[in-house]
Amino acid sequence: MNPYRCLFICCLSSVTLHAQQPQKWNSAQVYNAIEKLNFLGSALYIAAHPDDENTNLITFLSNTVHAQTAYLSLTRGDGGQNLIGTELREKLGVIRTQELLQARKIDGGIQFFSRANDFGFSKHPNETLRIWNKAEVKEDMIWVIRNFQPDIIITRFDHRTPGATHGHHTTSALLTQEVFEAAADPNSAPNQLKYTQLWKPEKLFLNISHWFYPSLHKFEQADKSKFLALEVGSYYPNLGLSNQEIAALSRSRHQSQGFGTTGSRGAALEYLEVLKGNQPLNNQNLFSGINTTWSRIPGGAPLELKIKNILNSFNYNNPQTSVKALVDVYQEISKLPDSHWKKIKSAELVEIIVQASGVYIDAYADVQLTSPNSKVDLVLEAINRSNIPMQLHANTSDFVFKKDLKPNVIEKEMVQINIGKEANFSTPYWLNDQATTGMYAVEKQENIGKPDIIRDIEINFNLNIFNVTLPIKRPVVYKYNDAVKGERYEYLDVVPPLSVKISESVVLFNDQKPKKITVDLKTFKKGVKGQVALNLDASWTVEPKTIPFDFSQAFEGVQVHFLVTPPKRATTLEAKVTATVGNEVYNQEIEAISYDHIPKQHLLKTAQSTFKKVDIQSNVKKIGYLMGAGDVMPQYLGQIGVEIQLINTDMLQLQTLQAFDAVVFGVRAYNVLPELDLKKGVLFEYMNQGGTLIVQYNTSNQLKEPNFAPFPLHISKDRVTDEDAEVTFLKPDHKVLNYPNKIDQNDFKAWVQEQGLYYPDQWDAKYETIISAHDPEESPKDSAILIAKYGKGHYIYTGLSFFRQLPAGVTGAYKLFANMLNISK
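About the cut-offs
Every chain is numbered independently, its residues counted from 1 as its sequence is written. At least 70 in pLDDT is required for a residue's local features to be given in this predicted model, at least 80 for side-chain atom pairs to be given and counted, and no such filter applies to totals for whole chains, interfaces and linings, which use all residues. Hydrogen atoms and water are omitted, and side-chain values are computed over all heavy atoms in the structure. Buried Ala, Val, Leu, Ile, Met, Phe, Trp, Tyr and Cys residues that are joined via side-chain atoms within 4.5 Å together make up what is termed a nonpolar core. Relative accessibility under 20% of the residue-type maximum defines a buried residue, over 50% an exposed one, and the middle range a partly exposed one, all with a 1.4 Å probe and only protein chains included. Strands are runs of DSSP state E lasting at least two residues, helices are runs of H or I lasting at least four, and both sets are numbered from the N terminus onward. By definition, residues are in contact when any of their heavy atoms lie within 4.5 Å. A helix is expected to span 1.5 Å for every residue after the first. Salt bridges are identified by distance alone: a Lys or Arg side-chain nitrogen within 4 Å of an Asp or Glu carboxyl oxygen. Pairing between strands is defined by DSSP: at least two bridges between them are needed. With axes taken as lines fitted to C-alpha atoms, and helix axes fitted only over the stretch in contact, angles between N-to-C directions fall between 0 and 180 degrees. A pair of aromatic rings is counted whenever rings of Phe, Tyr or Trp (Trp by its six-membered ring) have centres within 6.5 Å, and the orientation is called stacked for planes under 30 degrees apart, edge-to-face for over 60 and tilted otherwise. Only when the NZ of Lys or the CZ of Arg is both within 6 Å of the ring centre and within 35 degrees of the ring normal is a charge said to sit over the ring. An angle below 35 degrees is read as roughly parallel, one above 145 as roughly antiparallel, one from 65 to 115 as roughly perpendicular, and any other as oblique. If you view the pair so one helix is near and one far, a crossing is left-handed when the near helix is turned anticlockwise from the far one by less than a right angle, and right-handed when it is turned clockwise. A clockwise course of the path from the first strand over the helix to the second, judged with the strands pointing away from the viewer, identifies a crossover as right-handed.

### Some remarks on the nonpolar core
Part 1 of the argument: Of all hydrophobic cores here, the largest spans 80 residues; its most connected members are Phe665, Phe708, Ile771 and Tyr795.
Part 2 of the argument: For this core, the element with the most residues is helix 17 (residues 811-821), which contributes seven residues.
Part 3 of the argument: Core analysis: the next-biggest nonpolar cluster, separate from the first, contains 58 residues, Tyr31, Ala356, Phe461 and Leu470 among them.

Set out below in C-alpha cells:
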C-alpha cells in the first residue's frame with residue numbers, strides 16, 4: 001500500500017496516532033477497504049498551500065466514490081504564521097507538511113508537493129512567477145500527473161481572476177490549465193520519460209467556492225445552473241460519521257494555522273465548473289464516461305464480480321472467512337499484465353488480507369536516534385489472530401527470521417541490524433541543498449513530489465498464506481511507554497553522531513566589550529572525542545581557539561564557552577562552528593520539532609550565527625513582554641541591552657506594570673488572548689502615568705475585541721509584501737525616527753519576506769502616521785506605525801514584521817524598535 005495513503009477508516013478511532021504505528025483495523029474498516037477495490041479511477045486536487053484543499057470533496061471522492069484521491073499542494077506553507085509555536089519559514093513548512101500528511105490519513109487522500117517555496121503573501125500571479133521558477137513548477141506538476149495518472153483534475157482557484165486572491169492561489173490554477181495538456185506531450189519535460197510515461201487526464205474542473213463571491217449570502221443567491229451540483233453529505237453508517245464530520249477531523253489537523261473545524265451533518269452541495277473535457281457529465285458522477293471498472297485492465301473484468309461476492313458474504317463477526325477469496329483475487333491480479341492499477345490494487349489487497357487475518361507485524365527499536373556505521377537492536381514481533389495456517393519470514397544480510405504463526409501465539413525475537421556508513425540522514429530531503437527565495441532544490445528526479453522525509457530503514461517480510469507469498473514492508477520504529485500517554489511510537493531516525501549549535505542565532509555587539517558565546521554539543525554515539533572551534537574572520541578575536549570534548553556514552557551533552565571580541569567598525573559576520581573527531585568534521589545542528597499532533601521531525605542545518613558589530617542606543621532599562629502567537633521576539637530584543645521580563649495576562653496590574661519602561665504585546669496577542677479585553681482599563685492607566693504600550697500586528701478576522709486601542713482604529717488586510725518597497729518618511733523629524741537612533745532609508749534595506757501586514761485602514765486623528773510604503777501599482781499604505789500620545793505616555797500600533805526581521809538580524813529593524821521603546825523617554 002502506498003505509504004502516503006491510508007484509508008480514512010484506519011485512522012478515525014485514533015486520529016492522534018501516527019503513521020509509524022502498525023495499523024489494527026476493525027471489521028468495518030476491512031469491509032470498506034474491500035469496497036474500494038472495485039473502483040479504478042483517480043482524482044487530483046490542485047491548489048497552492050497546506051489548508052487550501054477542500055477536505056469535504058477529498059473525503060467524498062475517496063470514501064463515497066472510492067476514487068484514488070490526491071492533493072497536490074504547490075508549496076509546503078513555509079511563508080505563513082504559526083499559532084502553536086515559534087517555528088517560521090522552513091521549519092514551519094516541515095510542520096505544515098506533517099499536518100497535511102495527518103489530514104490525508106483521516107480523509108483517505110494521498111499527498112504531493114512541488115519544489116515551489118512559499119515566500120510569503122503575493123498579490124498577483126505575475127509577482128509569484130517572477131520569484132518561482134515557472135518551468136520547474138510546471139515540470140513538477142507534470143511529474144505528479146504522469147505518475148499518479150488522474151482521470152480528473154480539480155482546481156481550488158479560478159485562473160481567470162488574477163489579483164482577486166493570493167498570487168500563489170491564482171498561479172496554481174493558471175499552471176494547471178497548462179499542465180493538463182502538457183502531461184501528454186512528449187516535448188514537455190522529456191527527461192522525465194526515462195522514469196515515467198505520458199498521461200492525459202480526461203476532465204478538468206474548478207471547485208466553485210463562496211470565496212469567489214462578496215459574501216456567503218451572495219453565493220447562496222447566485223445562479224449556479226451552469227455548475228455541476230454534487231451532493232457530498234454522505235453518511236457512513238458502519239462508522240457513525242458523516243462525510244462533513246470526517247472532513248472536519250481532517251481540516252482540524254492544520255493546528256499551526258488555527259483551522260480547528262466543527263463537523264456538520266446532513267445534505268451538502270459542492271459546485272464544480274467544467275473547464276476542459278468532452279466526456280458526458282453527470283451531477284453525481286464526476287467520472288461519467290470514464291471506465292473505472294476492472295475492465296480497464298486487459299483480462300481484469302471478472303474480478304469485479306468476485307470482489308462483489310466477497311462483499312456479499314462478508315462476516316463482520318469473523319472477517320477471516322473472506323481471506324481465502326481475497327488471496328484468490330490477489331493471485332488473479334498477479335496474472336494480469338503489468339499496469340498502474342495492477343500495482344495499486346495488489347498493494348491494497350496485501351494490507352486487506354493482513355488486516356482481515358488479524359495479523360500484526362512490528363519491528364521496533366529502543367532508541368529513536370542512531371548514526372551511520374552503527375548497530376541497532378530490534379524486536380521483531382508477530383501474531384496471527386486467525387485460524388489460518390501461515391508462515392512469516394525475513395531474510396536480510398543481518399539476520400534470518402522465520403516463524404510458523406500459530407493461532408494467537410505471539411512470536412518475538414531480538415535481532416540486530418547494521419546502519420551502513422553511507423546511510424542517508426532522516427531529514428527533510430528538500431532542505432538538503434541550498435534553496436532560493438522561490439524554489440527548493442531537489443537533486444534526484446525520483447524524489448520530486450514525495451511528501452515526507454525519505455526513511456530507508458525498513459524490514460521486508462514475506463507472509464505465506466494459502467501457498468501464496470505476500471510481500472510486507474514494515475518501517476523500523478522507536479516504541480516506548482509514556483507514563484501518562486501509554487504506548488508511543490516515533491520514527492527511528494538516522495542523524496550525524498554529533499550535533500553542534502551556537503546558542504544564539506543572532507548576536508549583537510553594541511560596544512567593544514567581549515561577549516561569552518555558548519556552543520552546545522550533543523552526541524548520539526558512544527566514544528565521541530575531539531575538539532570544537534568557533535570560526536571567525538581575522539578582524540574578530542576568539543578565545544580559546546579550540547575546546548576539547550570527550551563523550552563516553554551516547555546522548556550526552558555539554559555546553560562550552562568562547563569569548564569573542566568584535567572589531568571597532570560596524571560589520572556583519574556569519575560565524576560558524578565545527579567539531580573535529582579524528583578525520584571527520586561535523587558542522588551541523590540537529591533540531592527536533594515535536595508536537596503531539598504530528599510525528600517528531602529532525603532537521604539538520606549548518607551550525608552558524610549572525611554576529612553584528614552595531615551602534616544601537618537605548619535608554620530603556622526594563623520592559624515587560626506579553627507573548628502572542630508563534631513569538632520569538634523576546635530573545636532577540638534582549639540583544640539591544642534591554643532587560644526582558646515575560647509577563648502573562650494575570651500580571652497586567654498597575655503595580656506590576658509600573659516597573660517597566662515599556663510593555664510590548666507579541667504578534668496576534670489580541671487574536672489568541674481573549675482575556676485582554678478585561679485589561680483595557682489598567683493598560684490605559686499605565687500609559688496615562690507615562691508608560692509606553694507597543695502592540696504588534698493582529699488579524700481582523702480573529703480579533704477577540706475590536707475596540708482594544710485607546711482611540712479607534714480598524715485593522716484591515718492591507719499589507720506591503722515587497723520587503724524592498726521604498727519607504728517615505730511622513731514625519732522625518734518625529735522622535736521615533738531620530739531618538740535615540742537616527743533612522744534613514746538604509747535601515748529598511750535587507751528586510752526579509754515582507755515589510756508589514758494587516759495594517760489599519762481607518763484610524764482616529766489622534767494617531768500620528770510616521771512612514772509610508774506600497775507595493776507596485778497600489779496606493780500608499782501610511783499606517784505601518786501609528787503613534788498616539790495618551791496622558792504622559794504613548795500607544796504604538798505597528799504592522800511592521802519585526803517578528804521576521806529581528807531573527808534575520810536586520811539592524812535597521814532593531815534600531816527602529818529601540819526607538820519605539822524609547823518614545824516616552
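### So, unusual backbone geometry
Part 1 of the argument: Cis geometry marks the peptide bond from glutamate 543 to proline 544; its omega dihedral reads -10 degrees.
Part 2 of the argument: You can see proline 544 is positioned in the loop between strand 25 (541-543) and strand 26 (546-551).
Part 3 of the argument: Across the junction of tyrosine 739 and proline 740, the peptide omega takes the value -5 degrees, indicating a cis bond.
Part 4 of the argument: Positive phi, close to 65 degrees, is recorded for alanine 750, a residue that is not glycine.
Part 5 of the argument: Considering the arrangement of structural elements, one finds alanine 750 in the loop between strand 38 (728-729) and strand 39 (756-763).

### Some details on the environment of lysine 91
Part 1 of the argument: Along the chain, lysine 91 turns up in helix 3 (residues 89-107).
Part 2 of the argument: With 552 residues separating them along the chain, lysine 91 and glutamate 643 place their C-alpha atoms 28 Å apart.
Part 3 of the argument: With residues up to four places along the chain from it excluded, the contact list for lysine 91 reads Glu591, Ile593, Leu603 and Lys605.

### What to know about helix 11 (residues 340-356)
Part 1 of the argument: With 17 residues, helix 11 extends 25 Å from end C-alpha to end C-alpha; this agrees with the ideal 24 Å at 1.5 Å per step.
Part 2 of the argument: The buried fraction of helix 11 is high, at 14 of 17 residues.
Part 3 of the argument: Positive phi shows up at glycine 358, right after helix 11, with a value of about 70 degrees.

### Comments concerning the pattern of salt bridges
Part 1 of the argument: Taken as a whole and judged by the stated rule, the model has 35 salt bridges.
Part 2 of the argument: Across the pair glutamate 181 and lysine 276 runs a salt bridge, and its minimum N-O distance is 3.8 Å. Within this pair, whereas glutamate 181 is found in helix 6 (residues 167-182), its partner lysine 276 is found in strand 9 (residues 269-276), the two being separated by 95 residues in sequence.
Part 3 of the argument: Assessed through its relative accessible area of 38%, glutamate 181 is described here as partly exposed.
Part 4 of the argument: Two residues, lysine 479 and glutamate 487, come together in a salt bridge whose shortest N-O distance is 3.7 Å.
Part 5 of the argument: By relative accessible area, lysine 479 is classed as buried at 18%.
Part 6 of the argument: Shared partners join several salt bridges into a network, and the residues in it are Lys123, Asp775, Glu778 and Lys781.

### A closer look at the pairing of strand 27 (residues 557-565)
Part 1 of the argument: By the bridge criterion, eight bridges tie strand 23 (residues 515-523) to strand 27 in an arrangement that is antiparallel. For lysine 516, the partnering residue across the bridge sits in strand 27 and is leucine 563.
Part 2 of the argument: Where strand 25 lies against strand 27, three bridges are found, and the strand directions are antiparallel. Residue pairing for strand 27: glutamate 543 is matched across the bridge by leucine 563.

### Focus on the side chain of histidine 159
Part 1 of the argument: Counting through the fold element by element, histidine 159 comes out in the loop between strand 4 (152-155) and helix 6.
Part 2 of the argument: The class of histidine 159 is buried, set by a relative accessible area of 18%.
Part 3 of the argument: If near-sequence neighbours (up to four positions away) are discounted, histidine 159 is found in contact with Thr170, Ala173, Leu174, Gln177 and Leu275.

### Brief notes about the sheet that holds strand 1 (residues 42-47)
Part 1 of the argument: With respect to topology, seven strands assemble into an open sheet ordered 3-2-1-4-5-9-6, the strand pairing being mixed. Either end of the sheet is taken by a strand with one partner, and the two such strands are strand 3 (110-113) and strand 6 (228-231). Strand-to-strand twist of the sheet, defined as the mean angle between neighbouring strand axes without regard to direction, takes the value 30 degrees.
Part 2 of the argument: As judged from the four bridges shared by strand 2 (residues 68-73) and strand 3, these two strands associate in the parallel manner.

### Things to note about the environment of asparagine 126
Part 1 of the argument: Checked against the element boundaries, asparagine 126 lands in helix 4 (residues 125-131).
Part 2 of the argument: Counting along the chain gives 532 residues from asparagine 126 to glutamine 658, while the straight-line C-alpha distance between them is 50 Å.

### Observations concerning the packing of aromatic side chains
Within a pair of aromatic rings, the relevant descriptors are the distance that separates the centres and the angle that separates the planes.
Part 1 of the argument: This model, assessed by the stated rule, comprises 31 aromatic pairs.
Part 2 of the argument: Judged by centre distance (6.2 Å) and plane angle (80 degrees), the rings of phenylalanine 401 and phenylalanine 461 are edge-to-face. Of this pair, phenylalanine 401 sits in strand 14 (residues 400-405) while phenylalanine 461 sits in strand 16 (residues 458-465); the two residues are 60 residues apart in sequence, bridging distant segments of the chain. No difference in accessibility class separates phenylalanine 401 from phenylalanine 461, as the two residues are buried.
Part 3 of the argument: Seen from the ring of phenylalanine 121, arginine 719 lies directly overhead, with NZ or CZ sitting 4.1 Å from the centre.
Part 4 of the argument: One residue, arginine 719, lies across the ring of tyrosine 758, its end atom 4.9 Å from the ring centre.

### So, the sheet that holds strand 33 (residues 622-626)
Part 1 of the argument: The strand order 34-33-35-36-43-42-40 describes an open sheet built from seven strands, whose pairing is mixed. Across the chains shown, the open sheet's two edge strands, defined by having one partner strand only, are strand 34 (643-647) and strand 40 (768-769).
Part 2 of the argument: Relative to the sheet, helix 15 (residues 680-688) contacts strand 35 (662-665), strand 36 (692-696), strand 42 (785-790) and strand 43 (793-798), its axis offset from that of strand 43 by approximately 120 degrees.
Part 3 of the argument: Sheet strands in contact with helix 17 are strand 33, strand 35, strand 36, strand 42 and strand 43, and its direction is about 140 degrees off that of strand 36.

### Let's talk about the packing of helix 3 against helix 8 (residues 243-251)
Part 1 of the argument: Between helix 3 and helix 8, the shortest axis-to-axis distance is 8 Å and the interhelical angle comes to 165 degrees. Between helix 3 and helix 8, the crossing angle belongs to the class labelled roughly antiparallel. Both helix 3 and helix 8 take part in a crossing whose hand is right-handed. Counting all contacts with helix 3, which are made through Ala103, Arg104, Ile106 and Asp107, the residues of helix 8 involved are Ile246, Leu249 and Ser250.

### Some points on the pairing of strand 5 (residues 203-208)
Within a regular strand, side chains alternate between the sheet's two faces.
Part 1 of the argument: Within strand 5, six of the six residues are buried, which leaves the element mostly enclosed by the surrounding structure.
Part 2 of the argument: Bridging between strand 4 and strand 5 involves four bridges; their strand directions are parallel. Among the inter-strand pairings, isoleucine 154 is bridged to a residue of strand 5, identified as phenylalanine 205.
Part 3 of the argument: Running through helix 6, the crossover from strand 4 to the neighbouring parallel element strand 5 is right-handed.
Part 4 of the argument: Here strand 5 pairs with strand 9 via five bridges, running antiparallel. In the sheet register, phenylalanine 205 faces strand 9, and the bridge partner there is valine 274.

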